[in-house]
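The chain contents come next:
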Amino acid sequence: MPVSLNELDIELKKLLKPEQFSDYCPNGLQVEGRSEVRKIVSGVTACQALIDEAVAAQADLILVHHGYFWRGEDQTITGMKRKRIQTLLDNNISLAAFHLPLDAHVELGNNAQLAKLLGFIIDEPLDRHVSNPIVFSGRTSTGMSHEAMCQLLEEKLDRKPLGIKGNKEKIESIAWCTGAAQNFIEMAVNAGVDAYLTGEVSEQTVHIARESGVHFFSAGHHATERYGVQAVGNFLADKYSLRHEFIDVDNPA
């Protein structure tokens, strides 16, 4: 049975609480399509390739982590942005995007789902002083070497990570934040964890890791953020008896 777009929009806002976040983009329904939803397609980024695949899959709603209308971008609907939005409107497909709220959710979010995939035991977040923490911390199920962590990441995320070896022989405590969160490495160093894992890396990140002795892993922005949107899509599908398909448009970054 179809579900109204409005009901799904309300459910997503209830689940992810976007009003609690000061974010770089609008969270929630960004493009309105048909009023009823039978099939959801989820993906990491609302690129043209994902939209085209969603059209072929006869989706009514696309659910993503990276949507549109980012702070500081050109506000005009021209070029690449025009083509993307035109494809959505021509096919009456809605687009819903959740950025920081999807990183932070303690069960369905990117950080929680990455921990589940990698077998991490979640403890208190490093940024617990803020209202919605996004820098998770915890422990590996068994202490593992730097090389073993690299192997685990490659096996689970299907891409070879960049790893900077630290001082500890075994990694027991670890902090992580998916995506472009390399700047939180200093928070991890100050917390005294053995390792820090994120998606991206900057030039200075390598020096901080080397000089502090913390193990550092850059496992890919896209690769670390595949899982939250899938979990939310599955949640909606189960609750409302909808069809859900995750479409992975691979990105090496």
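Engineer: So what exactly am I meant to see when it comes to the overall build of the protein chain here?
Structural biologist: For the protein chain, the helix and strand inventory stands at 10 helices and 13 strands. Radius of gyration (C-alpha) of the protein chain: 19 Å, near the 18 Å computed for a compact globule of 253 residues. Considering only C-alpha atoms, the protein chain reaches an extent of 55 × 40 × 35 Å along its principal axes. Taken across its 253 residues, the protein chain has 54% of its residues classed as buried. Long-range contacts, defined here as pairs at least 24 residues apart, represent 66% of the contacts in the protein chain between residues at least 6 apart. In the form shown here, the protein chain has an accessible surface area of approximately 12000 Å², with 48% of it arising from carbon and sulfur atoms.

Engineer: It is not clear to me how the state of the cysteines should be interpreted in this structure. Could you clarify?
Structural biologist: Here, the word disulfide means a covalent bond between the sulfur atoms of two cysteines. Under the defined criterion, the tally for this structure stands at 0 disulfides. Cys-25 provides the cysteine sulfur closest to Cys-47, a residue in no disulfide bond, and the two sulfurs are 16 Å apart. No disulfide involves Cys-150; its sulfur sits 19 Å from the nearest other cysteine sulfur, which is in Cys-177. In this structure Cys-150 comes out as buried when scored by relative accessible area, which is 18%.

Engineer: Even after reading the chapter, I still don't get the sheet that holds strand E7 (residues 120-122), so can you show me in this structure?
Structural biologist: In any sheet, the strands associate via hydrogen bonds between backbone groups, in a parallel or an antiparallel arrangement. Ordered in space as E7-E8-E10-E11-E12-E9, the 6 strands form an open sheet in which the pairing is mixed. Edge positions in the open sheet fall to E7 and strand E9 (162-164), since each of these has one partner strand only. Within this sheet the neighbouring strands show an average axis-to-axis angle of 25°, counted without direction. Sheet analysis places strand E10 (residues 171-177) next to strand E11 (residues 195-198), joined by 4 bridges and oriented parallel. Among the inter-strand pairings, Ile-174 is bridged to a residue of E11, identified as Ala-195. Against the sheet, helix H6 (residues 146-157) touches E7, strand E8 (136-144), E9, E10, E11 and strand E12 (215-218), its axis set at about 15° to E12.

Engineer: How should the pattern of salt bridges be read in this particular structure?
Structural biologist: Evaluated as defined, the whole model comprises 11 salt bridges. In this structure, Asp-123 engages Arg-139 in a salt bridge whose closest nitrogen and oxygen atoms are separated by 3.0 Å. In this pair, Asp-123 sits in the loop between E7 and E8 while Arg-139 sits in strand E8, placing the two residues 16 residues apart along the sequence. For Asp-123, a relative accessible area of 35% corresponds to the partly exposed category. Notably, a salt bridge pairs Arg-226 with Asp-248, separated by 3.1 Å at the nearest N-O pair. One end of the pair, Arg-226, is in the loop between helix H9 (221-224) and helix H10 (227-240); the other, Asp-248, is in the segment after strand E13 (243-246), and 22 residues separate them in sequence. Taking the relative accessible area as the measure of exposure, Arg-226 reaches 9% and is therefore buried. Overall, Asp-248 belongs to the partly exposed group, its relative accessible area being 36%. Members of the salt-bridge network, linked through shared partners, are Arg-226, Asp-248 and Asp-250.

Engineer: When you look at the packing of aromatic side chains in this model, what are you seeing that I'm missing?
Structural biologist: Describing an aromatic ring pair means giving the distance of the ring centres and the angle of the ring planes. Taken as a whole and assessed by the stated rule, the structure comprises 4 aromatic pairs. Judged by centre distance (5.1 Å) and plane angle (55°), the rings of Phe-120 and Trp-176 are tilted. Taken together, the residues Phe-120 in strand E7 and Trp-176 in strand E10 connect sequence positions 56 residues apart. Grouping residues by exposure puts Phe-120 and Trp-176 together as buried. Taken together through their ring pairs, the aromatic side chains of Phe-120, Phe-136 and Trp-176 make up a single cluster.

Engineer: Where do I start with the sheet that holds strand E6 (residues 94-97) in this structure?
Structural biologist: Pairing in this open sheet of 5 strands is mixed, and the strands run E2-E6-E5-E4-E13 from one edge to the other. Each edge of the open sheet is held by one strand with a lone partner, namely strand E2 (28-31) and E13. Between one strand axis and the next, the sheet turns through 30° on average, direction left out of account. Note: E2 against E6, 3 bridges, orientation antiparallel. What sits directly across from Leu-29, in E6, is Ala-96. Against the sheet, helix H1 (residues 5-16) makes contact with E2, strand E5 (61-66) and E6, and its axis sits at roughly 25° relative to E5, the strand it touches most. Across the sheet, H10 lies against strand E4 (39-45), E5 and E13, angled at about 170° from E13, the strand it touches most.

Rules used throughout
Residues numbered from 1 in each chain as written. Predicted model: local features only at pLDDT ≥ 70, side-chain atom pairs only at ≥ 80, totals over all residues. Heavy atoms only, no water. Helix = DSSP H or I, 4+ residues; strand = E, 2+ residues; numbered from the N terminus. Rg over C-alpha atoms; globule rule 2.2 N^0.38 Å. Buried < 20%, exposed > 50% of the residue type's maximum accessible area, 1.4 Å probe, protein only. Contact = heavy atoms within 4.5 Å. Areas by Shrake-Rupley, 256 points an atom, 1.4 Å probe, with all protein chains shown as cover. Disulfide = S-S within 2.5 Å. Pairing = 2+ DSSP bridges. Axes fitted to C-alpha atoms, helices over the stretch in contact; angles between N-to-C directions. Salt bridge = Lys/Arg side-chain N within 4 Å of Asp/Glu carboxyl O. Phe/Tyr/Trp six-rings, centres within 6.5 Å; stacked < 30°, edge-to-face > 60°.

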